[in-house]
Amino acid sequence: ELIDALGQRFTDYKYDFKRLVKDICTSRTYQLSTQTNPTNELDTKNFAHQSIRRLRAEVLLDVINQVTDSKEKFKGLPLGSRAVQIADGRTSNYFLTTFGRATRDTVCSCEVKMEPNLSQALHLINGNTTNSKIAGSQVISKMISEKKGPQEIISELYLRTLTRRPTAPEVERFEKMLGSAGPDDQRKFLEDLFWALLNSEEFVFNH
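Residues numbered from 1 in each chain as written. Predicted model: local features only at pLDDT ≥ 70, side-chain atom pairs only at ≥ 80, totals over all residues. Heavy atoms only, no water.

S.K.: Mind laying out the side chain of Gln50, listing which residues take part and the relevant values?
M.R.: Positionally, Gln50 belongs in the loop between helix 2 (17–25) and strand 1 (53–54). A distance of 3.3 Å separates polar atoms of two side chains, one belonging to Gln50 and the other to Arg53. Contacts of Gln50, omitting those with residues within four sequence positions, involve Tyr30, Leu32, Ser33 and Thr34. (Helix = DSSP H or I, 4+ residues; strand = E, 2+ residues; numbered from the N terminus. Polar contact = N/O pair within 3.5 Å; in protein donor to acceptor, adjacent residues only side chain to side chain. Contact = heavy atoms within 4.5 Å.)

What follows is the structure in structure tokens.
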């Protein structure tokens, strides 16, 4: 019944895909919380609550580039193109392959691999994608050059990566650590904090 209703709405919209996506994303079901209660905590089939899921490979790479102000180059596309714009399933890189991007050999969504594995964790922790982009990013340098205080910098990093402000305990903890660091170590500390936020479950997963 739901598929029939969506199909009819899609036809009524004269095949305007964006309007259909908007309807889905603003629906009550799509916006359900991942927090469960005693009545739905065991329900994994009836969409009684939202499921925590990792960002897809293309989306994850794009948001990493976005928050670090970095640009990616893909074959056949101009510098700065997003991974979600890649039409050719054969166009990929190590990050996209590791995180399970579909090769698009078929139309089945089962080609997308969402299962976590050790290679993914190691690449986020030690790989070039996060480390090189943070080191080469002007995000922290710009905030330091603008003479922003520790609390403001920490808050901006949280907003940039997690789209929320840090909690009071988080601010207190990181301010204390940053205040005890010497001038030469402050940038390194902020880069480490940036790295930690990019590797956090809150950043990598939809929740």
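S.K.: I'd like a rundown of the packing of aromatic side chains, residues and numbers included.
M.R.: Centre-to-centre distance and the angle between the planes together describe a pair of aromatic rings. For the structure on display, the rule yields 5 aromatic pairs. Among the aromatic residues, ring-to-ring pairing joins Phe10, Tyr15 and Phe17 into one connected group. (Phe/Tyr/Trp six-rings, centres within 6.5 Å; stacked < 30°, edge-to-face > 60°.)

S.K.: An account of the packing of helix 3 (residues 57–67) against helix 6 (residues 128–135) is needed here, citing residue identities and associated values.
M.R.: Here helix 3 crosses helix 6 at 15°, and the two axes come no closer than 10 Å. With respect to helix 6, the axis of helix 3 lies roughly parallel. You can see that helix 3 and helix 6 cross each other, and the crossing is right-handed. Taken together, the residues of helix 6 that come into contact with helix 3 (itself represented by Leu61, Ile64 and Asn65) are Thr129, Thr130 and Lys133. Within the contact of helix 3 with helix 6, the residues separate by chemical class into 2 nonpolar, 3 polar and 1 charged. (Axes fitted to C-alpha atoms, helices over the stretch in contact; angles between N-to-C directions. Parallel < 35°, antiparallel > 145°, perpendicular 65-115°, else oblique. Left-handed = near helix turned anticlockwise from the far one by under 90°. Nonpolar A, V, L, I, M, F, W, Y, C, P; charged D, E, K, R; others polar.)

S.K.: Run through the nonpolar core, naming residues and quoting values.
M.R.: Counting residues in each nonpolar core, the largest one holds 32 residues, and the members touching the most others are Leu60, Phe95, Leu96, Leu157, Leu190, Phe194 and Phe203. For this core, the secondary-structure elements that each account for two or more residues are helix 3, helix 4 (94–98), helix 7 (139–145), helix 8 (150–162), helix 9 (168–180), helix 10 (183–198) and helix 11 (201–204). Ranked by the residues each element gives to this core, the list is headed by helix 10, at 6 residues. Excluding its chain neighbours within four sequence positions, the residues that come into contact with Leu60 are Leu55, Phe95, Phe99, Phe203 and Val204. (Core = buried A, V, L, I, M, F, W, Y, C linked by side-chain atoms within 4.5 Å. Buried < 20%, exposed > 50% of the residue type's maximum accessible area, 1.4 Å probe, protein only.)

S.K.: Could you give me a rundown of the pattern of salt bridges, with the residues and numbers involved?
M.R.: Evaluated as defined, the whole model comprises 11 salt bridges. Arg164 is paired through a salt bridge with Glu202; the nearest N and O atoms lie 2.6 Å apart. With a gap of 38 residues between them, Arg164 in the loop between helix 8 and helix 9 and Glu202 in helix 11 connect regions that are remote in the sequence. On the basis of relative accessible area, Arg164 is assigned to the partly exposed category, the value being 24%. When its relative accessible area of 29% is taken as the criterion, Glu202 is described as partly exposed. As a salt-bridge pair, Glu191 and Arg187 come within 3.1 Å of each other at their nearest N and O atoms. A residue pair is termed a helical-turn pair when its members lie 3 or 4 positions apart in one helix, as Glu191 and Arg187 do in helix 10 at 4 residues. Residue Glu191 is classed as buried on the basis of its relative accessible area of 16%. Among the residues examined, Arg187 registers a relative accessible area of 27% and is labelled partly exposed. If you follow the salt bridges from partner to partner, you end up with Glu146, Lys148 and Glu156 in one network. (Salt bridge = Lys/Arg side-chain N within 4 Å of Asp/Glu carboxyl O.)

S.K.: Before we move on, could you go through the confidence of the model for the protein chain and cite the residues and values that matter?
M.R.: Close inspection of predicted coordinates is inappropriate for parts of the model with low pLDDT. Summing up the model confidence of the protein chain, the mean pLDDT is 90 and the portion of residues at 70 or higher is 99%. Of all helices and strands in the protein chain, the one with the weakest mean pLDDT is helix 9 (85), whereas helix 3 scores best (96). (pLDDT = per-residue confidence, 0-100.)

S.K.: Outline helix 8, listing residues and values.
M.R.: Compared with an ideal rise of 1.5 Å per residue, which puts 13 residues at 18 Å, helix 8 spans 18 Å between its outermost C-alpha atoms and is within 8% of the ideal. One or two steps after helix 8, the chain reaches Thr163, where phi turns positive at roughly 50°. (Expected span 1.5 Å × (residues − 1).)

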